[in-house]
Amino acid sequence: QVQLVESGGGLVQAGGSLRLSCAVSGSIFKMNSMAWYRQAPGKQRELVARANSGGGIVYADSVQDRFTISRVYTKNTVDLQMNSLKPEDTAVYYCFANGQVTLFTGARDYWGRGTQVTVSS
């Protein structure tokens, strides 16, 4: 069974940095996109950054130039380096992956359990 295991997160002061890591446990035949999403209290879950299978990367406007997503394609891991953190970055951050477990199964979405990031002012 495929699971996404997140690590990192925690409490940091505004202007500080944190790094989130996500690894896939279980067998994946073909991994498509891997991404980080976040959900703040009372708000919808939103995309933070995505690394596509072809190497393309997408960032939310709110984190552009502050966050960096890095993906190791051979290991199915994805990290999120977060710099210049702001109180509005406070949220639960979720790792996301889309992939196939075998050649004959369709691609499906997988989610991590989430890790809390709190930025104090």
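Residues numbered from 1 in each chain as written. Predicted model: local features only at pLDDT ≥ 70, side-chain atom pairs only at ≥ 80, totals over all residues. Heavy atoms only, no water.

Remarks on unusual backbone geometry
Part 1 of the reasoning: Not every positive phi belongs to a glycine, and D65 is a case in point at roughly 75°.
Part 2 of the reasoning: Mapping D65 onto the fold places it in the loop between β6 (57–59) and β7 (67–72).
Part 3 of the reasoning: One non-glycine residue, S84, lies in positive phi territory at about 50°.
Part 4 of the reasoning: Topologically, S84 is positioned in the loop between β8 (77–82) and β9 (91–100).
Part 5 of the reasoning: Here S84 falls in the partly exposed class, since its relative accessible area comes to 42%. (Helix = DSSP H or I, 4+ residues; strand = E, 2+ residues; numbered from the N terminus. Buried < 20%, exposed > 50% of the residue type's maximum accessible area, 1.4 Å probe, protein only.)

Some details on the environment of C22
Part 1 of the reasoning: Mapped onto the secondary structure, C22 falls in strand β3 (residues 18–25).
Part 2 of the reasoning: It is 9.5 Å that separates the C-alpha atoms of C22 and R71, two residues lying 49 residues apart in sequence.
Part 3 of the reasoning: Not counting residues within four places of it along the chain, the set of residues in contact with C22 comprises L4, V5, E6, W36, N76, T77, V78, D79 and C95. (Contact = heavy atoms within 4.5 Å.)

Regarding the packing of aromatic side chains
Geometry of an aromatic ring pair is reported as the spacing of the ring centres plus the angle between the planes.
Part 1 of the reasoning: Counting across every chain of the model gives three aromatic pairs.
Part 2 of the reasoning: Relative to F96, the ring of Y37 lies with its centre 5.6 Å away and its plane at 65°, an arrangement referred to as edge-to-face. Here F96 lies in strand β9 and Y37 lies in strand β4 (residues 30–39), a separation of 59 residues in the sequence. Summarising the burial analysis for this pair, Y37 and F96 share the class buried.
Part 3 of the reasoning: Every member of this aromatic cluster is reached through a ring pair, and the members are Y37, F96 and W111.
Part 4 of the reasoning: Against the face of Y94 rests R45, its NZ or CZ located 3.7 Å from the ring centre.
Part 5 of the reasoning: Over the ring of W111 we find R45, and its NZ or CZ is 4.7 Å from the ring centre. (Phe/Tyr/Trp six-rings, centres within 6.5 Å; stacked < 30°, edge-to-face > 60°. Lys NZ or Arg CZ within 6 Å of the ring centre and 35° of its normal.)

Some points on the nonpolar core
Within soluble globular proteins, side chains that are nonpolar tend to cluster in buried spots.
Part 1 of the reasoning: Core analysis: the largest hydrophobic core is formed by 31 residues, its most contacted members being W36, V48, F67, I69, L80, M82 and Y93.
Part 2 of the reasoning: Of all the secondary-structure elements, those providing two or more residues to this core are β3, β4, β5 (46–51), β7, β8, β9 and β11 (115–120).
Part 3 of the reasoning: Every residue in contact with I69, bar those within four places of it in the chain, is listed here: M34, A35, W36, A49, R50, A51, I57, Y59, V78, D79 and L80. (Core = buried A, V, L, I, M, F, W, Y, C linked by side-chain atoms within 4.5 Å.)

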